[in-house]
Amino acid sequence: MVESGNPQVTCCELAWAACLVDGEGSVTIYKAAKNAYWGCVTVINTDAGLLGKYTGILTRLGVPFYLCTRGPRNGGNLSCTDVRVSRANALLTFIDLLLPHLVAKRDRAQLLREWVNEKLQEALARPGCDSRGRPRYTRRLNRRATEYDTDVYAVMKALQRPGHPNEHTWASNQFEKMCSDLRRKAESWQKCPAAACDAV
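Residues numbered from 1 in each chain as written. Predicted model: local features only at pLDDT ≥ 70, side-chain atom pairs only at ≥ 80, totals over all residues. Heavy atoms only, no water.

### Here's the deal with the overall build of the protein chain
Working step 1: Helix and strand counts for the protein chain come out as seven helices and six strands.
Working step 2: Going from the N terminus to the C terminus, the protein chain shows its helices and strands as β-β-α-β-β-α-β-β-α-α-α-α-α.
Working step 3: Residues counted as buried form 44% of the 200 residues belonging to the protein chain.
Working step 4: Looking at the protein chain alone, contacts between residues at least 24 apart form 61% of all its contacts between residues at least 6 apart.
Working step 5: As displayed, the protein chain offers around 10,500 Å² of accessible surface, 51% of which is attributable to carbon and sulfur atoms. (Helix = DSSP H or I, 4+ residues; strand = E, 2+ residues; numbered from the N terminus. Buried < 20%, exposed > 50% of the residue type's maximum accessible area, 1.4 Å probe, protein only. Contact = heavy atoms within 4.5 Å. Areas by Shrake-Rupley, 256 points an atom, 1.4 Å probe, with all protein chains shown as cover.)

### Description of the pattern of salt bridges
Working step 1: With the rule as written, the count across this model stands at eight salt bridges.
Working step 2: Among the ionic pairs, arginine 60 bridges to glutamate 13, the shortest N-O distance being 2.9 Å. Of this pair, arginine 60 sits in helix 2 (residues 48-61) while glutamate 13 is found in helix 1 (residues 11-24), placing the two residues 47 residues apart along the sequence.
Working step 3: Note that lysine 119 is salt-bridged to glutamate 118, the shortest N-O span being 2.5 Å. Take lysine 119 and glutamate 118: they sit in the same class, and that class is buried.
Working step 4: Here the salt bridges share partners, and the residues they tie into one network are Glu118, Lys119 and Asp149. (Salt bridge = Lys/Arg side-chain N within 4 Å of Asp/Glu carboxyl O.)

### Some points on the pairing of strand 3 (residues 25-31)
When a strand is regular, its side chains alternate between the sheet's two faces.
Working step 1: Where burial is concerned, most of strand 3 is hidden: five out of the seven residues are buried.
Working step 2: Bridging between strand 3 and strand 4 (residues 37-45) involves seven bridges; their strand directions are antiparallel. Along strand 4, the bridge assignment pairs serine 26 with threonine 42.
Working step 3: The turn joining strand 3 and strand 4, which pair antiparallel and follow one another in sequence, is formed by five residues; a positive phi near 60 degrees is taken by lysine 34. (Pairing = 2+ DSSP bridges.)

### Notes on the confidence of the model for the protein chain
Any region with low pLDDT has predicted coordinates that should not be read closely.
Working step 1: For the protein chain, the average pLDDT comes to 79, and 74% of its residues sit at 70 or higher.
Working step 2: Across the protein chain, helix 1 holds the top mean pLDDT of 94, while strand 1 (residues 2-3) sits lowest at 38.
Working step 3: Note that pLDDT drops below 50 for residues 194-200; the model gives that stretch nine contacts with residues more than four away or on any other chain. (pLDDT = per-residue confidence, 0-100.)

### Thoughts on the sheet that holds strand 6 (residues 80-85)
Working step 1: A sheet is described by the order of its strands in space; here four strands give the open sequence 3-4-6-5, paired in antiparallel fashion. Looking at strand neighbours, the two that pair on one side only are strand 3 and strand 5 (66-70), the edges of this open sheet. Ignoring which end each strand starts from, the neighbouring axes of this sheet average 30 degrees apart.
Working step 2: In the packing of helix 1 onto the sheet, contacts are made with strand 3 and strand 4, and the angle to strand 4 comes to roughly 95 degrees.
Working step 3: Along the sheet, helix 2 contacts strand 4, strand 5 and strand 6; its crossing angle with strand 6, the most-contacted strand, is approximately 15 degrees. (Axes fitted to C-alpha atoms, helices over the stretch in contact; angles between N-to-C directions.)

### A closer look at the nonpolar core
Working step 1: Judged by nonpolar contacts, the single largest core of 43 residues is most densely connected at Val41, Tyr54, Phe94, Leu111 and Leu112.
Working step 2: Considering every element that reaches this core, the biggest residue donor is helix 3 (residues 88-98), with eight residues.
Working step 3: Setting aside chain neighbours within four positions, we find leucine 112 in contact with Val27, Thr28, Ile29, Gly39, Cys40, Val41, Leu91, Ile95 and Met156. (Core = buried A, V, L, I, M, F, W, Y, C linked by side-chain atoms within 4.5 Å.)

### Some thoughts on the side chain of asparagine 117
Working step 1: Examined against the element boundaries, asparagine 117 turns out to sit in helix 4 (residues 106-125).
Working step 2: In contact with asparagine 117, not counting residues within four places along its chain, are Leu92 and Ala186.

So, in structure tokens, the structure goes:
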């Protein structure tokens, strides 16, 4: 069985990748300098064979990623490697493929997907290129933040802290409404980009 019409990656491999993200990874929104935000799906491990299989799946899917290797920490002997997917289109593609198989990080992935899509639709509605001549929407979505971005970030962080029952209950209650709001905002950019730009 294959997934999404890609004969190179099987459903079993996607399920394996989702399990790896669930157990050894993170799905989150980071806060950068100047109150800007960017999303990322990261897997961190010391096993070269495991990471090789994971990056092989990403490569066959056509999902670009970044590698960051750090030396031994806390008295350990092994170097640790981060595999990061952070470009907007790559996040949308990868999350859409992983969502049917995710368990522990499913809500976070869904929220990240809706947030990235809304930012992507906004970027597409704004003509022009960056300093390297690339369309703006191909960059990581770390543009200036709005108050709503800050709210999404707060819910994402709360979803990552299930050890705090009150906070996690609040985040769960906000999750569905926020995803619905983001879908509506994305649709508004698609339907009337010029008017949406004027309104920002």
